[in-house]
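Residue strings, one per chain:
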Amino acid sequence: MNRLGSGPVGSAAAAAAAAGQYRVCGNCRKVPRQEKRVQVSPPLTRGPSAFIPENEVMQANGLDERTNLLVEEYSTSGRLDNITQVMSIHTQYLESFLRSQFYMLRMDGPLPLPYRHYIAIMIADSLSELEALMERMKRLQEDKEDEEASQEEMATRFEKEKKESLLVISGAFDDEIVSTDVSRYVEDPGFGYKDFARRGEDHLPTFRAQDYTWENHGFSLVNRLYSDIGHLLDEKFRMVYNLTYNTMATHEDVDTTTLRRALFNYVHCMYGIRYDDYDYGEVNQLLERSLKVYIKTVTCYPERTTKRMYDSYWRQFKHSEKVHVNLLLMEARMQAELLYALRAITRHLT
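Computed from a prediction, not measured in an experiment: that's the story for all the values here.

Before going further, it helps to examine the pattern of salt bridges. Throughout the structure, instances matching the rule amount to 13 salt bridges. One salt bridge in this structure joins Asp 276 and Arg 274, with 3.4 Å as the shortest N-O distance. Residue Asp 276 is classed as buried on the basis of its relative accessible area of 12%. When the shortest N-O distance is used, the salt bridge between Asp 311 and Lys 307 registers 2.7 Å.

Written out as structure tokens, the structure is:
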């Protein structure tokens, strides 16, 4: 088996060598700046999203000249594709996302452009409810001010949440799941997400974030392996985590910090990552089961996501708020995967 001894991406380059037998995709060819023009994709019957009404998305990006400028500057195709149109609901995040994507897929780096694109293609493969959620958030803040949980209590709550996450089944809406044929892209028919531990195990592995954090360890290693990419990734993580308009559905001046933190940390919990200073009791109080099913599906089995799942949680929230949830889940998963990979590289190098 090849190892990373010959360089930071030695094994990755060897594993991608077969990509040379494929045609170079259109994105690999330089597009002169003067020839780039922003083009909106031909509208689909239901707009760019199957879950969000077309008029809401089109109104958001149709009136925002900033979005068009960002696409012209960073898009590799010069087209305002469907995903970009949905992301444009949150323009601040979109800028960070497009910049980092452009840097990874277009600028000079350790891997040749065809290898990077080949890898990217493979990877891509009611009112009472709202009021109850806001009341739980308020109660959590009051309880935290009155008395903080001990380290032992927080460790116990994490272990409970970690075990329960293994029992969250994304097949709760199996009757609506549309099967996708991805077998043509993989040699192993069983390839896909697998839980980090088997159900029923007494001692589940735990990744203590304090022992290897993105801020103190991963960030510097990424920059060492791939110059400046750490800054772009860090900006993207911080942007989506801190993004807020201080609203929840029709309510204004709401501090959503606890909710955003619960969403981000629950994804990491599903991957066995624990933060010693976080009380995982907040996760259970803020995230109802239907939302946990949605989170696990989007994070681990995105091809199984259905509109019924999307509609089943936070029914009174705006579509833009649910898009923000998806962005949080996506970045939390990326950071979790990076932490495992970068920790393994660090151990190898030392």
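So much for the structure itself; the text now carries on.
Even without being a glycine, Asp 228 presents a positive backbone phi close to 75°. In this structure, Trp 314 is a non-glycine residue whose phi angle is positive, near 45°. As for its position among the elements, Trp 314 is in the loop between helix H14 (307-311) and helix H15 (319-349).

This structure, assessed with the given rule, holds 13 aromatic pairs. Linked through ring pairs, Phe 51, Tyr 294, Tyr 310, Tyr 313, Trp 314 and Phe 317 together constitute an aromatic cluster. Its guanidinium or amino end placed over the ring of Tyr 301, Arg 304 lies 4.2 Å from that ring's centre, counting from NZ or CZ. Above the plane of the ring of Tyr 313 lies Lys 322, whose end atom (NZ or CZ) is 4.4 Å from the centre.

Glancing now at the nonpolar core. With 72 residues, the main nonpolar core has Leu 287, Ile 295 and Trp 314 as its most contacted residues. The element contributing the most residues to this core is H15, with 10 residues. When residues no more than four places from it in sequence are discounted, the contact partners of Leu 287 are Leu 259, Ala 262, Leu 263, Tyr 266, Lys 292 and Ile 295.

Reading the values: rules and limits
- Residue positions are given per chain, counting from 1 as you read along its sequence in written order.
- In view of the model being predicted, local features appear only for residues whose pLDDT reaches at least 70, and side-chain atom pairs are presented and counted only at 80 or more, with totals across whole chains, interfaces and linings using the full set of residues.
- Calculated side-chain values reflect all of the structure's heavy atoms, with hydrogen atoms and water omitted.
- Salt bridges are identified by distance alone: a Lys or Arg side-chain nitrogen within 4 Å of an Asp or Glu carboxyl oxygen.
- Relative accessibility thresholds used throughout: buried, under 20% of the residue-type maximum; exposed, over 50%; partly exposed, between the two (1.4 Å probe, protein chains only).
- Helix numbering and strand numbering both begin at the N terminus, where a helix is a DSSP run of H or I of at least 4 residues and a strand a DSSP run of E of at least 2.
- Think of it this way: a Phe, Tyr or Trp ring, Trp meaning its six-membered ring, pairs with another when their centres are within 6.5 Å, and the plane angle makes it stacked under 30 degrees, edge-to-face over 60, tilted otherwise.
- Placement of a charge over a ring requires the Lys NZ or Arg CZ to be within 6 Å of the ring centre, with the centre-to-atom vector within 35 degrees of the ring normal.
- What is meant by a nonpolar core is a set of buried Ala, Val, Leu, Ile, Met, Phe, Trp, Tyr and Cys residues, joined one to another through side-chain atoms within 4.5 Å.
- The contact rule is simple, with two residues in contact once any of their heavy atoms fall within 4.5 Å.

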